[in-house]
Amino acid sequence: MTDRKKRRDRLLSAALTLLLLASLAYLGREAAAYVAGSNVEAQEEKGRRVVIDAGHGGDDPGKVGINGANEKDVNLEIGSGETIGIIGGTGSAKSSLVNLISRLYDVTEGRLLVGGVDVKAYDCEVLRNQVAVVLQNNVLFSGTILENLRWGDKDATEEQCRHACELACADEFIRKMPEGYNTYIEQGGTNVSGGQKQRLCIARALLKKPKILILDDSTSAVDTATDAKIRQAFAQAIPGTTKLIIAQRISSVEQADKIIVMHDGQIDGFASHEELLETNEIYREVYEAQMSGSGDFDEKAG
């Protein structure tokens, strides 16, 4: 076999491999329901009622809880539709805590249940389809704004996309763009600001219609006034969705039903804003520092 023919065969093999990978990537979303075989249909019904229960049994939609092995471990319970703030310093395990919900990590002791069922009994695709996560540095893809939004729901109408963007306070800046919702987004979203990118990613997550919405410091690049508008819109438009909001700014979570204070991998406090000001030293010190214009959870007020 000549070198020229060998090179041609290698190129053909590489091209076929890329085509196969592309096909699998496309079919992955379409065929997700078939991954777990005959058990998927039954588990998908449970998936529509995604909850995390503290191990007390029951099937309250949206209830969130983790039951640790002993009193020093993480133990919490969150009611259906509640808004929960999560704050703490870098490395305090805020993200690790919420990653248990979609099984990016599994508990090694104790248990975590969804709808009264251990999360390990769920097909991961079914479970994760009911949980939407927006990260601080989420990704936008090359394509129009509408095409990016429809990664949340490929069948979403333009009106549904507009409504999601209104809730995420993105509609106003989109309408000012020359092509509106047909504006082309560069790979990685390099032609929009950090705050605009975060709001587009929040809108995309809302189109998924999740049972649990996790915002992991995903309004850090948004001004406080817009941040407040987004939270108010959530309270009014998606009251049945359980919302977990990780933030550094206490102002981003002080209106939450309850706030989790994480410290060194453990829950140091779990109560309302007013109760934590009275009972939790870490929370109170950081709140007072932030109100004076300085301080965060990595640098407590002295």
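Residues numbered from 1 in each chain as written. Predicted model: local features only at pLDDT ≥ 70, side-chain atom pairs only at ≥ 80, totals over all residues. Heavy atoms only, no water.

Draft legend 1. Local environment of the packing of aromatic side chains. If you walk through the whole model with that rule in mind, you get 1 aromatic pair. Seen from their ring centres, Phe141 and Trp151 are 5.1 Å apart, and the 35° between their planes marks the pair as tilted. On the criterion of sequence distance, the pair formed by Phe141 in the loop between β6 (131-134) and β7 (143-144) and Trp151 in the loop between α5 (145-149) and α6 (158-167) is long-range, its members being 10 residues apart. Taking relative accessible area as the criterion, Phe141 reaches 31% and is therefore assigned partly exposed. Its relative accessible area of 47% is what places Trp151 among the partly exposed residues. The ring of Phe270 has Lys258 lying over it, and the distance from NZ or CZ to the ring centre is 5.1 Å. (Phe/Tyr/Trp six-rings, centres within 6.5 Å; stacked < 30°, edge-to-face > 60°. Helix = DSSP H or I, 4+ residues; strand = E, 2+ residues; numbered from the N terminus. Buried < 20%, exposed > 50% of the residue type's maximum accessible area, 1.4 Å probe, protein only. Lys NZ or Arg CZ within 6 Å of the ring centre and 35° of its normal.)

Draft legend 2. Highlighting the pairing of strand β12 (residues 266-271). Where strand β11 (residues 258-263) meets β12, 5 bridges bridge the pair, whose relative direction is antiparallel. Directly across from Val261, in β12, lies its bridge partner Gly269. The turn joining β11 and β12, which pair antiparallel and follow one another in sequence, is formed by 2 residues; a positive phi near 55° is taken by Asp264. (Pairing = 2+ DSSP bridges.)

Draft legend 3. Structural context of the sheet that holds β6. Here 6 strands make up an open sheet; going across it, the order is β6-β9-β10-β3-β11-β12 and the pairing mixed. Looking at the sheet topology across the chains shown, the edges are occupied by β6 and β12. Averaged over all pairs of adjacent strands, the angle between strand axes in this sheet comes to 15°, irrespective of strand direction. Where strand β3 (residues 83-88) lies against strand β10 (residues 242-246), 4 bridges are found, and the strand directions are parallel. Across the sheet, the residue bridging to Gly85 is Ile245, located in β10. Against the sheet, helix α8 (residues 194-207) makes contact with β6 and β9 (212-216), and its axis sits at roughly 180° relative to β6, the strand it touches most. Along the sheet face, helix α11 (residues 281-291) touches β3, β11 and β12 and points at about 100° away from the line of β11. (Axes fitted to C-alpha atoms, helices over the stretch in contact; angles between N-to-C directions. Contact = heavy atoms within 4.5 Å.)

Draft legend 4. Representation of the packing of α8 against helix α9 (residues 224-237) within the structure. Axis separation between α8 and α9 bottoms out at 13 Å; the angle between their running directions is 5°. The angle between α8 and α9 falls in the class roughly parallel. Facing Arg199, Ile202 and Leu206 of α8, the residues of α9 in contact are Thr226, Ile230 and Phe234. Looking at the contact of α8 with α9 residue by residue, the classes come out as 4 nonpolar, 1 polar and 1 charged. (Parallel < 35°, antiparallel > 145°, perpendicular 65-115°, else oblique. Nonpolar A, V, L, I, M, F, W, Y, C, P; charged D, E, K, R; others polar.)

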